[in-house]
Amino acid sequence: MKRGPRLVLLGKQGAGKGTQATRLGDRYCITHVSTGDLLREAAEKGTPAGLKAAHYMNSGELVPDDIVLGVVEEQFAEGGMLEDGFILDGFPRNLHQAEELEKLLDGEPLHAVINLDVPTEIVLDRIAGRRVCEGCGMNYHVNMPPKSDWACDECGGRVVQREDDTEEAVQRRLELYEEVTVPIIDFYRGLGKLVVVDGVGEGDEVFERLVKVVDDRYPPEQP
Ligand code: AMP
């Protein structure tokens, strides 16, 4: 029985992947897996893998594949994801990770790989103003802060700038995106899975475009 779509969301840092992946996860009742969030959690807990990951993350470098694949495999190992559906956000980030994901899928194909397309000038502006809740990960922008004194509207946590959102780290992440992430766009185009969605505009507008794409490839059940 089919229960939920299997999705990958690609896009530059600041394209709005995190926000839109959370909304898609809620809409289709599927697990939202953000490798950035999982790695930050591991770093906060101070696990050996987490501490190693933090070193790469803070300088805008990609975390080595063995650590990233470890956290993703743990998610799949918990079970249910393949049947119930999922949305991967921030993974895969290079060709090797894309190939490893094919193995984890165990013959269950992805329904869509969506490239959320936003020009570099726009993402630079978004990231410079981006602020995030230390507690629940909710995103804000300096132009749209929480209601009271940088305390999160959702959980009351402190809303701060991410350590890896410095200008140098952001430039490095965008360079890496061109170098190692763009090739996986061709990989998925070759598999006939790629869909490009315009990520410029109001969040609600972009979300509607994404829902349309998912519904086309994973039609809602008829009553
Ligand atoms: P994100 O929250 O997706 O912007 O990820 C933040 C940082 O986590 C990235 O700059 C990388 O250092 C690391 N990271 C997240 N996902 C991956 C991945 N799939 N492969 C390697 N590094 C990753």
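Keep in mind that this is a model prediction, so the values were computed, not measured.

Quick notes on the rules
Residues numbered from 1 in each chain as written. Predicted model: local features only at pLDDT ≥ 70, side-chain atom pairs only at ≥ 80, totals over all residues. Heavy atoms only, no water. Axes fitted to C-alpha atoms, helices over the stretch in contact; angles between N-to-C directions. Helix = DSSP H or I, 4+ residues; strand = E, 2+ residues; numbered from the N terminus. Parallel < 35°, antiparallel > 145°, perpendicular 65-115°, else oblique. Left-handed = near helix turned anticlockwise from the far one by under 90°. Contact = heavy atoms within 4.5 Å. Nonpolar A, V, L, I, M, F, W, Y, C, P; charged D, E, K, R; others polar. Near = heavy atom within 4 Å. Polar contact = N/O pair within 3.5 Å; in protein donor to acceptor, adjacent residues only side chain to side chain. Salt bridge = Lys/Arg side-chain N within 4 Å of Asp/Glu carboxyl O. Buried < 20%, exposed > 50% of the residue type's maximum accessible area, 1.4 Å probe, protein only. Pairing = 2+ DSSP bridges. 1 Å grid on protein atoms, 1.4 Å probe; cavity = no way out; pocket = protein on both sides within 12 Å on 5 of 7 lines; lining within 4 Å. Points joined across faces, edges and corners; volume = space filled by probe spheres on them.

**What about the packing of helix α4 (residues 65-77) against helix α6 (residues 95-105)?**
With their axes 11 Å apart at the nearest point, α4 and α6 run at an angle of 25 degrees to one another. Judged by the angle between their axes, α4 and α6 are roughly parallel. Considering how the two elements wind past one another, α4 and α6 form a crossing that is right-handed. Counting all contacts with α4, which are made through Asp65, Val68, Leu69, Val72, Glu73 and Phe76, the residues of α6 involved are His96, Gln97, Glu100, Leu101 and Leu104. Class assignment of the residues belonging to the contact of α4 with α6 gives a composition of 6 nonpolar, 2 polar and 3 charged.

**With respect to the site of the ligand**
With respect to spatial proximity, 17 residues lie near the ligand, and among them Thr35, Glu61, Val63, Gly90 and Gln97 are the closest. At 3.0 Å from a nitrogen atom of the ligand is found a side-chain nitrogen or oxygen belonging to Gln97. Here the shell around the ligand takes 4 residues from helix α2 (residues 35-45), the largest share from any one element. The residue inventory of the shell around the ligand, partitioned by class, reads 6 nonpolar, 5 polar and 6 charged.

**Overview of the pattern of salt bridges**
Counting across every chain of the model gives 17 salt bridges. Across the salt bridge formed by Glu134 and Arg158, the nearest N and O atoms sit 3.0 Å from each other. Taken together, the positions of Glu134 in the loop between β5 (130-133) and β6 (139-141) and Arg158 in the loop between β6 and β7 (159-160) put the pair 24 residues apart, joining distant regions of the chain. The exposure class assigned to Glu134 is partly exposed, which follows from its relative accessible area of 44%.

**Concerning the sheet that holds β5**
Strand order in the open sheet made by the 3 strands is β6-β5-β7, with antiparallel pairing throughout. Two strands lie at the open edges of the sheet, namely β6 and β7, each paired on one side alone. Sitting on the sheet, helix α7 (residues 120-128) touches β5 and β6, and the angle it makes with β5 is about 50 degrees.

**Side note on the layout of surface pockets**
There is about 180 Å³ of room inside the second largest pocket. Lining of the second largest pocket is provided by Leu38, Glu41, Ala42, Lys45, Thr47, Ala49, Gly50, Ile67, Gly70, Val71, Glu74 and Gln75. Of all the secondary-structure elements, those providing two or more residues to the lining of the second largest pocket are α2, α3 (48-58) and α4. In terms of residue count, α4 provides more of the lining of the second largest pocket than any other element does, 5 residues in total. Classifying every residue of the lining of the second largest pocket gives 5 nonpolar, 4 polar and 3 charged.

**A look at the sheet that holds strand β2 (residues 31-34)**
To summarise the sheet geometry, strands pair through backbone hydrogen bonds and adopt either a parallel or an antiparallel arrangement. Strand order in the open sheet formed by 5 strands is β2-β3-β1-β4-β8, with parallel pairing between adjacent strands. Only two strands of the sheet have a single partner each, and these edge strands are β2 and β8 (194-198). On average, each strand axis in the sheet is inclined to that of its neighbour by 20 degrees, with strand direction left out of account. Sheet analysis places β2 next to strand β3 (residues 86-89), joined by 4 bridges and oriented parallel.

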